[in-house]
Amino acid sequence: MPSVENARMIRVGSVICIALAALASLPVPRAVQAQGSRLPGAVETGLILRQIDGVKRVLMVAAHPDDEDTALLATLARGWGAEVAYFSFTRGEGGQNLIGTELGEGLGVIRSGELLAARSIDGAQQFFGRAFDFGYSKSAEETFAKWPREVVLADLVWTIRRFRPHVLLTMWSGNERDGHGHHQAAGLLAREAFEAAGDPARFPEQLEHGADPWAASKLYRRPLFEPGAVSIEVETGTLDPLLGVTHHQLAMASRSQHRSQDFGSVQQPGPRTARLALVDSRVGGAATDPLMAGIDTTLAGLAMDLGASAQEEIRLYRDAVRRAAGALVVTSPESVLPYLAEARQRLGRLRAMVAQEPPGELAREVGRRAQLLDRAILASAGVRVELRVRDDIVVPGQTVEVEARVWSGRDASVQLDPPAIEAPADWIVKGLGPGDERQPDDLGAAARFIRRDEAASDPSATARIEPGQLALWRYAVTLPEDARPTSPYYTERPRHGDVYEWPDDAAAWTLPFRASPLRGRVAVHLSASGEQISAEVEEPARYRGVDGVTGEYWRPLVVAPRISVEPSAELALWPSDDFDPREIAFRLVNFGPDSISGTVELELPAGWRSTPELVPFHLSVGEAAGTATFRVEPASNDGEFVLRPYVRTGKDDAPREAAVRADIIEYPHIEPRLAISDPATRIARFPLQAAQRRIGYVMGSGDGGPEAIRQLGMEVEPIEPGGWDRGQLDRFDTIVLGVRAYEVRRDLVAANPELLEWVKRGGTVIVQYNRYEFNQGSYAPYPMRIARPAPRVTREDAEVEMLDEAAPLFAWPNRIGSADFEGWVQERGLYFPAEWDQRYHALLEMSDPGEDPQRGSLLAAPYGQGLYIHTSLSFFRQLPAGVPGAFRLWANLLSAGGGSWRRATSG
């Protein structure tokens, strides 16, 4: 995870582009806007025109990020102009991380961001359930043992009732063919939700929060490996003349946003189809009828009760939209403005009629079209609206400057009402006119470097700009002292087992993240192409910066705590027989714009002591971080203990507050997100011995192995590309290959012969789990194969039998017994070899309930003078969790050598 200090000082990348030559001129901003970014000019106008005629809504349902059919989403959203969304029951927290070290909730933040980045390309929306991805599951029954069925079903029902799809598409069927137990559960729940969402007796509490019963008209599923079950085929490989690529190509650009899962995809042109099977229909018809057949997808159908005048307005509105689509010219998109003006006029009249009726489906659709139509008007007229905040990270009590900018880039003369800055009720917004120049220090450190060479408009007055001109309004926004951090809303309360707890604010439920707390609304009245047209647009406040290498970039506004406290080590191993004092350190980060002083103290377990009791700190202006170090003496008892820091700022009699850790999770392809977590250091005291070994480590994907080795008191050094010559390797006693190392380290693949020669000379190599790539090369000294699908043991409490209790790896320096396999988390292991040469010694046997015993989790073989160890045990999960038995076994593997193995086995 990038440090919070670097998150403020280093801005990686400014723009990501859809990696298709035909879309090279259509940049998608880095830190793409939630729920879909906008393409510029004629392309945006053309895509909107596809959306504002018919009424077609489709909801796709599956279990994880990456389960969705992006080609179908892109075809429906970008090609058909349908309103499309993807609902994922989880955020993918239980997977592996190819691009960083975050796991669990941190990985869920990354994968949520990746889905938003994907949706910004394929044009769909994104929703999530409360279910926490606890890792691989082999059955729906096992899944529902951890996910309360009614709770996770309620999330999908809520989404259906709020999104109101005509068609529900489930990616999974709900049987064993789906494989993963989460997939099976998702398929079953989709069928249940299809019935439950329209029944007011099911989840009636949702009706009190603004949801109305809604019954989708059709339910389809994806028929995997069932060619005879296909009902319809949707063409996804047709060239889109507006985009210049096929929807399948667009989808592969979307799918490539799943970088943490190694999902980079080729954008292959040519015919493609998505196959669907009809499960149920409330509108009758044959199973082979088109997707929307039998469903009234017209505005006129929704307005039947409003009479002939409403029907006439709808007819004239649709006619204006069709004429706009026919008149659109890429080089002069303003040619559509006369038709858009008429469409807006007709829609306005219809909206007035609808306003006299109770809220309903027609009001929703008319309101949505009004927003889209206003966007099309501004896009085609070349009018750009931006809301810029002068700092990307602000803290409670801070005042920051916000600018509203409107630019007429082509031929439109524009009359502008004063922008409305929308903020939480307890935020203070003050307009700054031309004569109200605040001192930069009042506005945050970032404002100090802003040039004041642009005149601001009176914040309470209208403005007029001619073609090519820009209007500017400035505001000072002050946050309250108790402003809420912009961390993920679903982590604000403790998780109940494997289910998140929703906040009281129902408006946030199932959304990826909360909307920006600061937004601007601008009313625009423009004269262009002989037309007088009004439009209104709302934009979130965003920070614009410039990187010296990559150029301009945009970031969302983040509200962070004033001080973040980060432990130097989240977990500290402290063997039972070690009573010497240790230094426990915490890093302090000042997110605020000015200096701050105070003290840090530790809350200790009974009998423990620290020196000093209080550590003072002072962080000056521009100083990002400091360190508080305590010398801690343990008590004599074993167990797991927590050292929790508290902070007191200001006067000595100020109340102390529990410290929080605030990290910015940031990668080039997703929006940066603030993650709040517990800053405590966990201490694990249990009997533990480790030999003195010099360890070389080959980093794999999402790998925190080196820190776990340092916790054992061993020296560890990363082996970088180019570090494979004999002299460098011979410095090590043991070399550890990180998880999936053969997949992500090409230098390892090339240097594998040198590695095996090093083992022959007397070294010990520990190979952690790899996927099927391991079968592609002769990487092991003797034959070994991972079957497809690979054996795995998902029950973390599965019974483990030690096949040879006297084996060297169980005997020294820690005597391993059955108790060492207690307290494991998420799983025992994954991607076990299924076949191996008889020269390997299989040391453990385990299995999930009802399955054949598996013996491939820990294999060892002498090779020359050295020792080759292959383990598929999930040490990469157990060690960060501080599982004592896993650490004791891990210490034995690291301490083993070929000589000790031969001596122990020769008798």
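Since this is a predicted model, take the numbers as computed values, not measurements. (Residues numbered from 1 in each chain as written. Predicted model: local features only at pLDDT ≥ 70, side-chain atom pairs only at ≥ 80, totals over all residues. Heavy atoms only, no water.)

## Section: the overall build of the protein
When helices and strands are counted, the protein shows 20 helices and 47 strands. Taken over the C-alpha trace, the protein has a radius of gyration of 30 Å; the compact-globule value for 907 residues is 29 Å, and the two agree within 12%. On the principal axes, the C-alpha backbone points of the protein span a range of 100 × 75 × 55 Å. Of all 907 residues assigned to the protein, the portion counted as buried reaches 57%. With the model as given, the accessible surface of the protein reaches about 35,500 Å², and the carbon-plus-sulfur share is 49%. Computing the positive centroid from 98 side-chain charges and the negative centroid from 123, the protein places the two 3 Å apart. (Helix = DSSP H or I, 4+ residues; strand = E, 2+ residues; numbered from the N terminus. Rg over C-alpha atoms; globule rule 2.2 N^0.38 Å. Buried < 20%, exposed > 50% of the residue type's maximum accessible area, 1.4 Å probe, protein only. Areas by Shrake-Rupley, 256 points an atom, 1.4 Å probe, with all protein chains shown as cover. Lys, Arg positive; Asp, Glu negative; His and termini not counted. Charge placed at Lys NZ, Arg CZ, Asp CG, Glu CD.)

## Focus: the sheet that holds strand β25 (residues 563-567)
Spatial strand order, β25-β27-β31-β29: 4 strands in an open sheet with antiparallel pairing. This sheet does not close on itself; its edge strands, each paired only once, are β25 and β29 (609-611). Adjacent strand axes in the sheet meet at a mean angle of 30 degrees, parallel and antiparallel pairs treated alike. (Pairing = 2+ DSSP bridges. Axes fitted to C-alpha atoms, helices over the stretch in contact; angles between N-to-C directions.)

## As for the sheet that holds strand β7 (residues 218-221)
As summarised here, the arrangement of the 7 strands in space is β5-β4-β3-β6-β7-β11-β8, forming an open sheet in which the pairing is mixed. With one partner strand each, in any of the chains shown, β5 (125-128) and β8 (232-235) form the two edges of the open sheet. Strand after strand, the sheet turns through a mean of 30 degrees between neighbouring axes, direction not considered. Relative to strand β11 (residues 273-281), β7 runs antiparallel, the two sharing 4 bridges. In the sheet register, Arg-221 faces β11, and the bridge partner there is Ala-277. Across the sheet, helix α6 (residues 149-163) is in contact with β3 (57-62), β4 (83-88), β5 and β6 (167-170); its angle to β3 comes to roughly 170 degrees. The sheet strands contacting helix α7 (residues 181-196) are β3, β6, β7 and β11, and the helix crosses β6 at an angle near 165 degrees. (Contact = heavy atoms within 4.5 Å.)

## Observations concerning the confidence of the model for the protein
Close inspection of predicted coordinates is inappropriate for parts of the model with low pLDDT. Averaged over the protein, the pLDDT score is 90; the fraction of residues at 70 or greater is 92%. Below pLDDT 50 for its whole length, residues 1-37 participates in 108 contacts with residues either more than four positions away or in separate chains. Confidence drops under pLDDT 50 across residues 438-453; counting only partners more than four residues distant or on other chains, this segment forms 31 contacts. (pLDDT = per-residue confidence, 0-100.)

## What about the packing of aromatic side chains?
For any pair of aromatic rings, the description rests on two quantities: the centre-to-centre distance and the angle between the ring planes. Tallying each qualifying case throughout the model produces 25 aromatic pairs. Arranged with centres 4.2 Å apart and planes meeting at 20 degrees, the rings of Tyr-742 and Tyr-779 form a pair that is stacked. Taken together, the residues span a long stretch of sequence, with Tyr-742 in helix α15 (residues 741-744) and Tyr-779 in the loop between β40 (764-767) and β41 (784-785) at a distance of 37 residues. Using a relative accessible area of 5% as the deciding quantity, one classes Tyr-742 as buried. Judged by its relative accessible area of 11%, Tyr-779 falls in the buried class. (Phe/Tyr/Trp six-rings, centres within 6.5 Å; stacked < 30°, edge-to-face > 60°.)

## Section: the packing of helix α2 (residues 41-51) against helix α12 (residues 361-381)
Packed helices, taken two at a time, are described by the angle their axes make and the gap between the axes. In the contact formed by α2 and α12, the axes pass within 8 Å of each other and the chain directions differ by 155 degrees. In terms of their interaxial angle, α2 and α12 are classed as roughly antiparallel. The crossing of α2 and α12 is left-handed. The residues of α12 that touch α2, namely those facing Gly-41, Glu-44, Thr-45, Ile-48 and Gln-51, are Arg-368, Arg-369, Leu-372, Arg-375, Ala-376, Ala-379 and Ser-380. Partitioned by chemical class, the residues of the contact of α2 with α12 number 4 nonpolar, 4 polar and 4 charged. (Parallel < 35°, antiparallel > 145°, perpendicular 65-115°, else oblique. Left-handed = near helix turned anticlockwise from the far one by under 90°. Nonpolar A, V, L, I, M, F, W, Y, C, P; charged D, E, K, R; others polar.)

## Comments concerning the environment of Val-234
Mapping Val-234 onto the fold places it in strand β8. As a C-alpha pair, Val-234 and Val-615 span 381 residues in sequence and 65 Å in three-dimensional space. For Val-234, the contacting residues outside a window of four places in its chain are Leu-72, Thr-75, Trp-80, Arg-272, Thr-273 and Ala-274.

## Structural notes on the side chain of Glu-226
Among the secondary structure elements, Glu-226 is positioned in the loop between β7 and β8. The contacts of Glu-226, once residues within four sequence positions are left out, are Ser-173, Arg-177 and Arg-221.

## Concerning the pairing of β40
Burial of β40 is two-sided: the residues Thr-764 and Ile-766 facing one way and the residues Val-765 and Val-767 facing the other way are all buried. Relative to β40, strand β39 (residues 734-737) runs parallel, the two being bridged by 4 bridges. Note that in β40 the partner of Ile-735 across the bridge is Val-765. With 4 bridges connecting them, β40 and strand β47 (residues 866-871) associate as parallel partners. Across the sheet, residue Ile-766 finds its bridge partner in β47, namely Ile-869.

## Here we look at the nonpolar core
Across soluble globular proteins, nonpolar side chains show a tendency to be buried alongside one another. Leu-416 and Leu-526 are the most contacted members of the largest nonpolar core, which totals 64 residues. In terms of residues, this core owes the most to one element, α12, which gives 9 residues. (Core = buried A, V, L, I, M, F, W, Y, C linked by side-chain atoms within 4.5 Å.)

## Focus: α7
Taking 1.5 Å as the rise per residue, α7 with 16 residues should run 22 Å; its terminal C-alpha atoms sit 22 Å apart, in good agreement. For α7, a buried count of 12 out of 16 residues is recorded, marking the element as mostly surrounded by other parts of the structure. Elements in contact with the buried residues of α7: β3, α5 (140-144), α6, β6, β7 and β11. (Expected span 1.5 Å × (residues − 1).)

## Here's the deal with the environment of Pro-200
Relative to the assigned elements, Pro-200 resides in the loop between α7 and β7. What makes Pro-200 partly exposed here is its relative accessible area of 44%. Considered as a pair, Pro-200 and Asp-663 are 463 residues apart in the sequence and their alpha carbons are 42 Å apart. Every residue in contact with Pro-200, bar those within four places of it in the chain, is listed here: Arg-161, Leu-207 and Pro-213.

## Here we look at the pattern of salt bridges
Summed over all chains, the structure comprises 74 salt bridges. Arg-661 serves as the salt-bridge partner of Glu-570, at 2.8 Å between the closest nitrogen and oxygen. Taken as a pair, Glu-570 in the loop between β25 and β26 (571-573) and Arg-661 in strand β34 (residues 661-665) lie far apart in primary sequence, 91 residues in all. Two residues, Arg-656 and Glu-603, come together in a salt bridge whose shortest N-O distance is 3.5 Å. Here Arg-656, found in the loop between β32 (639-649) and β33 (657-658), pairs with Glu-603, found in strand β28 (residues 596-603); they are 53 residues apart in sequence, far enough to count as distant. The structure contains a network of salt bridges with shared partners spanning Arg-57, Glu-83, Arg-164, Glu-361, Arg-364, Glu-365, Arg-368 and Arg-369. (Salt bridge = Lys/Arg side-chain N within 4 Å of Asp/Glu carboxyl O.)

## Here's the deal with unusual backbone geometry
The omega angle of the peptide bond from Arg-788 to Pro-789 is 0 degrees, so this bond is cis rather than trans. Structurally, Pro-789 is set in the loop between β41 and β42 (800-802). Going from Trp-812 to Pro-813, the amide bond is cis rather than trans, its omega being -5 degrees. As for its placement among the helices and strands, Pro-813 is situated in the loop between α17 (808-811) and β43 (835-836). Residues other than glycine seldom take positive phi values, yet Arg-164 does so here, at roughly 60 degrees. Looking at the secondary structure, you find Arg-164 in the loop between α6 and β6. Judged by relative accessible area, which is 14%, Arg-164 ranks as buried.

## Things to note about the side chain of Arg-405
Tracing the chain through its elements places Arg-405 in strand β14 (residues 399-408). Here the side chain of Arg-405 touches Glu-403 through a polar contact of 2.8 Å, side chain to side chain. (Polar contact = N/O pair within 3.5 Å; in protein donor to acceptor, adjacent residues only side chain to side chain.)

## Examining the packing of helix α3 (residues 70-79) against helix α4 (residues 105-122)
Put simply, α3 and α4 touch, their axes get as near as 9 Å, and they point 45 degrees apart. Classified by the angle between their axes, α3 and α4 sit oblique to one another. Where α3 abuts α4, its residues Thr-70, Leu-73, Ala-74, Ala-77 and Arg-78 lie against Arg-119, Ser-120, Ile-121 and Asp-122. Of the residues that constitute the contact of α3 with α4, the class distribution is 4 nonpolar, 2 polar and 3 charged.

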